[in-house]
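Topology and contacts: notes
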There are 2 protein chains.
Amino acid sequence: MAESWSFLDTFEPNFTPLVVIELAKGTKEETIEWFTKRIVDKKANGGAQLLVKPLVTENGDENTYLVGASHLRLLLGAETVGLVKECNDNSMRTFTYSSRKTFKDFADDNQNFLTMAECQYIIKHELENLRAKDEKMIPGYPQAKLYPGKSIVRRLLTSGILVQIFPLHDREELKKLRHSWYGRVKVGYQPLDEIRCYFGETIALYFGFLEYFTFALIPMAVIGIPYYVFAWEDYDKYVMFATFNLLWSTVILEVWKRICAIMTYRWGTLLMKRQFEEPRPGFHGVLGINPITGREEPVYSSIKRQIRIYLVSLPFVCLCLYFSLYVMMIYFDLEQWALDYHEENESNFSSLMLFVPSIIYAVVIEIMNRIYRYAAEFLTSWENHRLESSYQNHLILKVLVFNFLNCFASLFYIAFVLFDMKLLRQSLATLLITSQILNQFAESLLPYWLQKRHKKRMKKRICSLKTDTDLSLVEQVNLEKEMGTYFGTFDDYLELFLQFGYVSLFSCVYPLAAVFAVLNNITEIYSDALKMCRVYKRPFAEPTANIGVWQLAFETMSVISVVTNCILIGMSPQVNALFPDSKMDLILTVALVEHLLLAVKFIMAFVIPDKPRDIQIKLAKLEFESLEALKQQQMKLAAESLKE
Amino acid sequence: MAESWSFLDTFEPNFTPLVVIELAKGTKEETIEWFTKRIVDKKANGGAQLLVKPLVTENGDENTYLVGASHLRLLLGAETVGLVKECNDNSMRTFTYSSRKTFKDFADDNQNFLTMAECQYIIKHELENLRAKDEKMIPGYPQAKLYPGKSIVRRLLTSGILVQIFPLHDREELKKLRHSWYGRVKVGYQPLDEIRCYFGETIALYFGFLEYFTFALIPMAVIGIPYYVFAWEDYDKYVMFATFNLLWSTVILEVWKRICAIMTYRWGTLLMKRQFEEPRPGFHGVLGINPITGREEPVYSSIKRQIRIYLVSLPFVCLCLYFSLYVMMIYFDLEQWALDYHEENESNFSSLMLFVPSIIYAVVIEIMNRIYRYAAEFLTSWENHRLESSYQNHLILKVLVFNFLNCFASLFYIAFVLFDMKLLRQSLATLLITSQILNQFAESLLPYWLQKRHKKRMKKRICSLKTDTDLSLVEQVNLEKEMGTYFGTFDDYLELFLQFGYVSLFSCVYPLAAVFAVLNNITEIYSDALKMCRVYKRPFAEPTANIGVWQLAFETMSVISVVTNCILIGMSPQVNALFPDSKMDLILTVALVEHLLLAVKFIMAFVIPDKPRDIQIKLAKLEFESLEALKQQQMKLAAESLKE
């Protein structure tokens, strides 16, 4: 076994620790020996051929291991995961070891050719692809069954022997990143390329979207301000604002696809081939033959899953929706009660009381959203989806439907049943602002404060004299081990999605919503950045080419908002005054305008190309080259065959 | 040069003539010599390595050539075009010469491994990819410029030296196909696989769609008949019929995608890789560097094209649309005149006269559609699109918009401006039936009759005694040379598209439309089959995986029909009677129902998978295998590199 580091060792020059593996306390010696042997074993013997060293903590426990790899190993791993890098001729190409000299900044002694995030991603990929050969179980744990081809790390995780795997922070790089990201007060773009180098594409894309979305909201906010300041209530101005909003929201979503393509092309992920998806860690079933791979692995009947989805999950979701509507009705009772109280007493206190029901309701909505979120996760995991992507899609669908109803049902009720525009405006403002404040607090500031307190305590315990920067490796690992885990961008996108709903669904009634959204997003960028850099463990980089199903979710919201805005305008007294004789003409006109707007939206979405012309040309060029290479190869073969 | 066949030669055993090349009369000797040399020349020398023989007609003219290829050459060509064939283990794989033994029915002496249509497609592909090397022009024709990489055949075609290239019929096969297709009176499916073997995938897919569409219309027709017979006019029944129709039309379009995937998987085209698209024959421009290929070839500024599209084509299309509306107004004047005449005279003749304006209008519509078609083709070709696909898309868009307005504007006017349901029903019936009769006549019967007359004359001239089957090769070539050319499935799909419009847009007013559509389609299958087998030259097979932009066109039509049907139901007196007090409630209800139906439509389209599960598994399996092969290769490489 590899030699170990003691408490204050400096590390060997050719071993850079990249990833930390934490095993459960009291893991059996034979298991550890077997596992580390498999990690360092040669590729040809079915190992991962990585470097591993134990980290001895002050207690003498040996349950934490550091994983690294030689430079050559990482380059070969980059080829395996299909990384795309920039070449000397500025084109993007899939990296192969044999063509390494053609890549920009490549030199055999340049350790920075691959970013640290990429190295960590490669190591994660290699560890996850460490597969059982003829082991029937994990040595020392007969209940943890293995079968040929089963990912060892996943089995270790599900059987609780492996507590966690996480990448190490690079304190130097992180400091630089923090400085250029949110360290100085400046107006400008985020350092997206640096964020991508440090945290990977998925997270960089989220921050890119957040920034883009904030910029895209500014025109709406700017146009919205005079409506509030001058209390404009003309018919023309309302219609103009709403029409602008609706077309604008289509344009921004289409343009985002183009900007996203530009970014992910630069990052190489637009060109990365999709890897074959392995079953997700929680998936279980009886051993059978997978019809796709032909391998023996757990299979789970699709019919059973359908039954779970349609007979359990669907009724449960419906029940939750009903419950949410029930809570809404209670809110309206409270609202009525507050109004009565105000009318009876007419004091400053009573007029303040008018806002209380809305605030309580906003808090309750947030709580319900969070509880439902756990239930949805449990149910979706119980549905036993084979693939992570399918799990994610079912989870997102469940959560989106509930959150949409939970957040907006009361507003729909006020607008289209009570017809009370004043209350709508007030509720919208309260809901929006309360949820923003709660989110910022719950998401970043609270964890940050907890983390800071914990860190202080830890530091005191370890060594009370040192400052933040010169922590030893052992201290750093111990600190990061205890940090919270960042569970992906789901919640962050969801928050933006709901915000987009508040801004666009009733935009013509409350133009100021965009202003609040912009203000919130500016602080959101800072608090999310803080969260990524200081609160959570460093997450593994995850290559991605787009924001996936969220694009569809935002587009659906923008279609719904066409309908709601048209109805709101149709209901306004100014528009009603234009059709004094016939309500029918009014409604027909509104319906016609709505259909026209929807048609224009769809045509615009169809006509605006998803990728800018230069990216299209670059992609076509790559495709042409690969076809050409294939043709050359076939021609050569054909010429040889015909010669015979 | 190859030896020639005289008038009544039988052919050599190892040369099967597959494709006919007809050069212009009086083509210079040096050109012919150069061209045939390039065709037979070795691949290594840049030739096509095919076999070519001149056909000497009775006049002694030598301007027709027969092209064939050796069996080995065809197999190598099959690899070049990327044909997908069935393997011994029933999976579909891309054919390669080196893995030929693993394919089903392969034997070195089995000449039928490739169908004749496939062989002809391969020869066409090889001829089109015969490219200029260092020739600056076509020998003998200094005005026909060449540059390295330019397709020789395309230049010969555009400069008029090459009159036509077409594949030969196989009289034995054709007879068999005719018999099983329409030779016997039977109720049943068409022999789609045989059609595909003989005519290729594009045409087989059209007939598959026609058949599927006819079957899909039967439920609508069956439900529609009692409405007509018993003159049902209840509210419930109307709404039920319309709702069924709307959901049904969504289902059939989604299910078609699945059936199409099953068929094209079986045919191998679902798996065929897209080839790099070369410029279309008519494309011209100044020599420049193509940014994608890096080759010197004609380029045409995209801005110039945009100018032509938006400043010439778009205004022209709008003008045509205006003209079509103008003609429509004349029709309504005529209609009024006929009505007045009928009221004055009240005779059998005058009541017959009532139908005359509709019939005249239907004929005028057909004529306008055809004239506009030519104009659209001219304009789109003048727009100078680089790719055939882009040309086709612009042409289809132009033609669809005009035909839609031209055919349906009068019906929209009657329904939503005149509110005259009786006239709507009458107009719809007249338009539908007249256009069906005209189409069947103009498309198949007229050309068939002309062709028959011409053939008789030809036969008399050549040799008055022989029967149809034992024509010599020379006679066969001469006969087929004079047959009309089939210009693709565009007109056939367009006809179905308009029929779908007649059936679905106003389905709740005239349920009988589906019955007429079914009857028409049954005869359409026969007349189209007749057209393919007896009227036109055999077309080259064209591999395709789906019906392309037509799927989108049909889906758009089905969305529009939701809107029209909801309005029609809302306007019916039965529904109006349900809301005696308030027109407003009526309109709101209709709008609500319409939005719900649209939402259900989109959700259904989203939920129904485009490919059946077993096809998905087969595709995933293939993808997995290719990824696995790549990984194995990389692993081997990595193991070697790490050993060093």
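It should be emphasised that the depicted structure is a prediction, and the values quoted were computed from it without experimental measurement.

This paragraph deals with the packing of helix α12 (residues 388-418) of chain A against helix α15 (residues 490-505) of chain A. For any two helices packed against each other, one specifies the crossing angle of their axes together with the interaxial distance. All names here are of chain A. One way to put it is that α12 packs onto α15 with a least axis distance of 11 Å and a crossing angle of 35 degrees. For the element pair α12 and α15, the recorded crossing hand is right-handed. Facing α12, whose interface residues are Gln392, Leu395, Ile396, Val399, Leu400, Asn403, Phe404, Cys407, Phe408, Leu411 and Phe412, α15 presents Phe490, Leu494, Phe497, Leu498, Gly501, Tyr502 and Leu505.

Facing the 37 residues of chain B at the interface are 37 residues of chain A. Both sides of the chain B and chain A interface together cover about 4,000 Å² of buried area, and 71% of this is carbon and sulfur. Where chain B touches chain A, the interface holds zero salt bridges. Linking chain B with chain A are two residue pairs in polar contact (both at pLDDT 80 or more). A total of 13 residues in the side of chain B that touches chain A trace back to one element, the largest contributor, which is helix α20 (residues 613-643) of chain B.

Turning our eyes to something else, we now look at the packing of aromatic side chains. Under the counting rule described, the total for this entry stands at 71 aromatic pairs over all chains. Judged by centre distance (5.3 Å) and plane angle (80 degrees), the ring pair of Tyr206(A) and Tyr493(A) falls under edge-to-face. Highlighted residues: Tyr206(A) in helix α7 (residues 201-229) and Tyr493(A) in helix α15, separated in sequence by 287 residues. For the pair Tyr206(A) and Tyr493(A), a shared accessibility class is recorded, and that class is buried. Aromatic pair Phe404(B) and Phe412(B): ring centres 6.3 Å apart, planes at 50 degrees, arrangement tilted. We classify Phe404(B) as buried; its relative accessible area is 18%. Over the face of the ring belonging to Phe113(B) we find Lys85(B), whose NZ or CZ atom lies 5.1 Å from the ring centre. One Lys or Arg, Lys537(B), reaches over the ring of Phe166(B) and ends 5.7 Å from the middle of that ring.

Okay, unusual backbone geometry next. Only a minority of non-glycine residues have a phi that is not negative, and only a minority of peptide bonds are not trans. Although it is not a glycine, Asn90(A) sits at a positive phi angle of roughly 70 degrees. Examined against the element boundaries, Asn90(A) turns out to sit in the loop between β4 (84-86) and β5 (92-94).

The subject of this paragraph is the domain arrangement of chain A. Here chain A is partitioned into domain 1 (19-168), domain 2 (191-273 + 417-610), domain 3 (301-385) and domain 4 (612-643). Placing a centre on the C-alpha atoms of domain 1 of chain A and another on those of domain 3 of chain A gives a separation of 44 Å.

This part takes up the nonpolar core. Formed by 105 residues in total, the largest nonpolar core has its most connected members in Trp181(B), Phe199(B), Phe207(B), Phe408(B), Phe497(B), Trp550(B) and Phe554(B). Here this core spans two domains, and each of domain 2 (191-273 + 417-610) and domain 3 (301-385) of chain B adds at least three residues to it. If we skip the residues at most four places from it in the chain, Phe207(B) touches Trp181(B), Gln190(B), Leu192(B), Ile195(B), Ile525(B), Asp528(B), Ala529(B) and Met532(B). Membership of the second largest hydrophobic core comes to 99 residues, among which are Met220(A), Trp256(A), Tyr510(A) and Leu586(A).

Going through the model one piece at a time under the given rule, you end up with seven cavities of 30 Å³ or more. Estimates place the volume of the largest cavity at around 180 Å³. If you go around the largest cavity, you meet 16 residues; those closest to its centre are Tyr147(B), Gly149(B), Lys150(B), Glu278(B) and Pro279(B). Counted by class, the lining of the largest cavity contains six nonpolar, two polar and eight charged residues. Its boundaries defined by the atoms lining it, the second largest cavity holds a volume of some 100 Å³. Leu83(A), Glu118(A), Arg196(A), Glu201(A) and Pro543(A) are, among the 16 residues lining the second largest cavity, the residues nearest its centre. For the lining of the second largest cavity, the secondary-structure elements that each account for two or more residues are α3 (116-128) and α6 (192-199) of chain A.

The next thing to look at is the state of the cysteines. This model, assessed by the stated rule, comprises zero disulfides over all chains. Summary of cysteine pairing: Cys87(A) is not part of a disulfide, and the nearest cysteine sulfur, belonging to Cys197(A), is at 17 Å. Here Cys87(A) falls in the buried class, since its relative accessible area comes to 3%. Free of any disulfide, Cys197(B) has its nearest cysteine sulfur in Cys119(B), 11 Å distant. Given the relative accessible area of 31%, Cys197(B) is considered partly exposed.

Residues and elements named next belong to chain A. The sheet built from four strands is open, its strands ordered β2-β3-β1-β8 with antiparallel pairing. This sheet does not close on itself; its edge strands, each paired only once, are β2 (51-55) and β8 (162-167). Mean inter-strand twist for the sheet, computed between neighbouring axes without regard to direction, equals 20 degrees. Both strand β1 (residues 19-23) and strand β3 (residues 64-68) contribute to a ladder of four bridges, which runs antiparallel.

What follows is about a nonpolar patch on the surface. Residue and element names in this part refer to chain A. On the surface, a nonpolar cluster with roughly 830 Å² of combined accessible area is contributed by Ile303, Ile307, Tyr310, Leu311, Val312, Leu314, Phe378 and Trp382. For the nonpolar patch, the secondary-structure elements that each account for two or more residues are α9 (302-345) and α11 (356-382). When residues in the nonpolar patch are grouped by element, the largest group, six residues, is from α9.

Conventions adopted
Residues numbered from 1 in each chain as written. Chains lettered and ligands numbered in written order. Predicted model: local features only at pLDDT ≥ 70, side-chain atom pairs only at ≥ 80, totals over all residues. Heavy atoms only, no water. Axes fitted to C-alpha atoms, helices over the stretch in contact; angles between N-to-C directions. Helix = DSSP H or I, 4+ residues; strand = E, 2+ residues; numbered from the N terminus. Left-handed = near helix turned anticlockwise from the far one by under 90°. Contact = heavy atoms within 4.5 Å. Buried area = accessible area lost by both parts, 1.4 Å probe. Salt bridge = Lys/Arg side-chain N within 4 Å of Asp/Glu carboxyl O. Polar contact = N/O pair within 3.5 Å; in protein donor to acceptor, adjacent residues only side chain to side chain. Phe/Tyr/Trp six-rings, centres within 6.5 Å; stacked < 30°, edge-to-face > 60°. Buried < 20%, exposed > 50% of the residue type's maximum accessible area, 1.4 Å probe, protein only. Lys NZ or Arg CZ within 6 Å of the ring centre and 35° of its normal. Domains from an automatic or database assignment. Core = buried A, V, L, I, M, F, W, Y, C linked by side-chain atoms within 4.5 Å. 1 Å grid on protein atoms, 1.4 Å probe; cavity = no way out; pocket = protein on both sides within 12 Å on 5 of 7 lines; lining within 4 Å. Points joined across faces, edges and corners; volume = space filled by probe spheres on them. Nonpolar A, V, L, I, M, F, W, Y, C, P; charged D, E, K, R; others polar. Disulfide = S-S within 2.5 Å. Pairing = 2+ DSSP bridges. Patch = residues over 30% accessible without salt bridge, like charges linked within 9 Å, V, L, I, M, F, W, Y side chains within 5 Å. Areas by Shrake-Rupley, 256 points an atom, 1.4 Å probe, with all protein chains shown as cover.

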